[in-house]
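The chain contents come next:
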Amino acid sequence: MKKILFSALCCATPHLETELEIIEKHILSGDDIYYTLCPGGLKTCFLYQSPTIEDCIYCRQRHKIGISLLSKKIKVIGYPYIKEKNNKIYEFSNVDELKKFSIDGNNFGLCAASTLISIFENESFDTKKYAQDINDQIATAHCIYNVFTKLLDEVNPDLVYIFNGRFSVAAPIIAACNEKNINFFTHERANVDDRYRIINNALPHDVTKIVQECNCLYTKYGFKAAKEIAHTFYTYRKEKNPSAGIVFTKRQKERCLPKNFNIKKKNIVFFNSSYFEYAALPGFDAMTGFYKDEADALQRIAHDTLSDPSIHIYFRMHPNLSGKNTQQVTDILSLDGKFQNLTILSPESPVDSYALMEKSSIVVVFHSTMGHRRRRRHQDEDDPVYRQG
């Protein structure tokens, strides 16, 4: 029998249900379950930037109802009282400075930045304007770290489960587990509500873990079956089927190509993603490859190929950037009209990303899965797809 500690961080569907399903599996295995339930009163949490008393009551009630549905009673434990040690107000000149901020060797700035980047959907939000929000996130992260440092000593679990792992209420628990050499799993939803992932001693976004999972799946199903699974997934993506995840291409017109698109030219298409989805992940800054960022790469490549009239470059901005006023969007749009061999396609453009991909000679991707879709469609090892980040 093992002692399993669950950190109840999110009452939203499907994350709470995922956690309850994992708990039930451990109950059936005869494990001893400890469920940590927040008493309320945190300055901020996963669902609420400034939780009210009513928010806290609702959250606790959702958790209690969920626990009541389990086949066996489990140990529900509250947070030990932790006296606030530091009421200092911290100031940061920009998000990069915030990401590097630590207290007693623990980088609480990165998880605070990660949380707020997701809330604001802006990887370069104004740290002066949102100074109070930043300090609330840091205070919460510091509190959670102290709480779980004490809980881990009291319970001494064999295993800890944590939702997602990158936010201010979760990353400090990972830090505490690592300090005490306690094994942990993070869990996260899949593209559909009835599937989820659990990842051992890493975040769901960890590229190394994703590669390991892919290799395991290839071994489990065999190459032919794995190819069929991939084919089905990418077919669903092209057909805008929600079974393959959020559909970002709803407003695109089927087979629509850019105005004056010349199939006789060597057309190079760039696909990007939204930085705010990745910007505060550990190691993201080291994933940009040869160039400072996508705008730098685009400008330099457009400049270097300007003398060759047979080349035209298209930059397809991700539809999820629609309506966003971020530095990423500003930097890309600033290049519009700067080079005669470059066409910027805005997030709102009706151009069909798949038609553009299939008609182009070369595909370059920045944190985008379009490269995989191109390779999967052509199934050609020599097909020119280049990944930056």
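Residues numbered from 1 in each chain as written. Predicted model: local features only at pLDDT ≥ 70, side-chain atom pairs only at ≥ 80, totals over all residues. Heavy atoms only, no water.

1. Some details on the packing of helix H4 (residues 108-120) against helix H5 (residues 131-155)
Test applied: To define axes, lines are fitted to C-alpha atoms, for helices over the stretch in contact only, and angles between the resulting N-to-C directions are given on a 0 to 180 degree scale. Helix and strand assignments follow DSSP, with helices taken as H or I runs no shorter than four residues and strands as E runs no shorter than two, numbered in order from the N terminus. Any angle that falls under 35 degrees is termed roughly parallel, while one over 145 is termed roughly antiparallel, one within 65 to 115 roughly perpendicular, and all others oblique. The hand of a helix crossing depends on one turn: near helix anticlockwise from the far one by less than a right angle means left-handed, and clockwise means right-handed. In what follows, residue pairs with any heavy atoms lying within 4.5 Å of each other are defined as contacts.
Where H4 meets H5, the closest approach of the two axes is 9 Å, and the angle between their N-to-C directions is 130 degrees. Taken together, the axes of H4 and H5 lie oblique to each other. Relative to H5, the crossing made by H4 is right-handed. On H5, the residues touching Phe108, Cys111, Ala112, Thr115, Leu116, Ile119 and Phe120 of H4 are Asp133, Ile134, Gln137, Ile138, Ala141, His142 and Tyr145.

2. Here we look at the packing of aromatic side chains
This is how the line gets drawn: The criterion for an aromatic pair is that two Phe, Tyr or Trp rings (for Trp, the six-membered ring) have centres within 6.5 Å, with stacked assigned to planes under 30 degrees apart, edge-to-face to planes over 60 apart and tilted to the rest. Burial classification: accessible surface area is computed with a 1.4 Å probe over protein chains only, and a residue below 20% of its type maximum counts as buried, one above 50% as exposed, and the rest as partly exposed.
The full count for this structure, using the stated rule, is 16 aromatic pairs. For the pair Phe6 and Tyr161, a centre-to-centre distance of 4.7 Å together with 5 degrees between the ring planes defines the contact as stacked. One end of the pair, Phe6, is in strand S1 (residues 3-8); the other, Tyr161, is in strand S4 (residues 159-163), and 155 residues separate them in sequence. What makes Phe6 buried here is its relative accessible area of 0%. Plain terms: the ring middles of Phe270 and Phe366 are 6.1 Å apart, the flat faces sit at 15 degrees to each other, and that makes the pair stacked.

3. Re the pairing of S1
Note the cut-off: Paired strands, in this sense, are two strands between which DSSP finds at least two bridges. With its strands directed away from the observer, a crossover is right-handed exactly when the path from the first strand over the helix to the second travels clockwise.
With five of six residues buried, S1 lies mostly within the body of the structure. Here S1 pairs with strand S2 (residues 32-37) via six bridges, running parallel. By the bridge assignment for S2, Lys3 is matched with Asp32. Handedness of the crossover is the feature at issue here: the chain leaves S1, passes through helix H1 (residues 15-28), returns alongside S2, and the resulting connection is right-handed. The sheet contact formed by S1 and S4 spans three bridges and is parallel. Looking at S4, one finds that Leu5 is bridged to Val160.

4. Some remarks on the sheet that holds strand S6 (residues 196-200)
Judged by pairing direction, the sheet is mixed, and its six strands sit side by side in the order S3-S2-S1-S4-S5-S6 without closing on themselves. Edge positions in the sheet fall to strand S3 (75-77) and S6, since each has one partner strand and no second. Strand after strand, the sheet turns through a mean of 25 degrees between neighbouring axes, direction not considered. Bridge count between S2 and S3: three bridges; the pairing is parallel. Counterpart to Thr36 in the pairing with S3 is Ile77.

5. A few points about the pattern of salt bridges
A side chain of one charge can pair with a side chain of the opposite charge when the charged atoms of the two come close. To be explicit about the condition: Any carboxyl oxygen of Asp or Glu within 4 Å of a side-chain nitrogen of Lys or Arg constitutes a salt bridge here.
Tallying each qualifying case throughout the model produces 10 salt bridges. Between Lys324 and Glu121 there is a salt bridge, with the nearest N and O atoms lying 3.3 Å from each other. Of the two residues, Lys324 is situated in the loop between strand S8 (311-316) and helix H10 (327-333) and Glu121 in the loop between H4 and H5; the sequence distance between them amounts to 203 residues. Overall, the relative accessible area of 18% leaves Lys324 in the buried class. Glu121 sits in the partly exposed class, given a relative accessible area of 32%. Close ionic contact of Glu213 with Arg197 constitutes a salt bridge, the shortest N to O distance being 2.8 Å. Of this pair, Glu213 sits in helix H7 (residues 207-221) while Arg197 sits in strand S6, and the two are 16 residues apart along the sequence.

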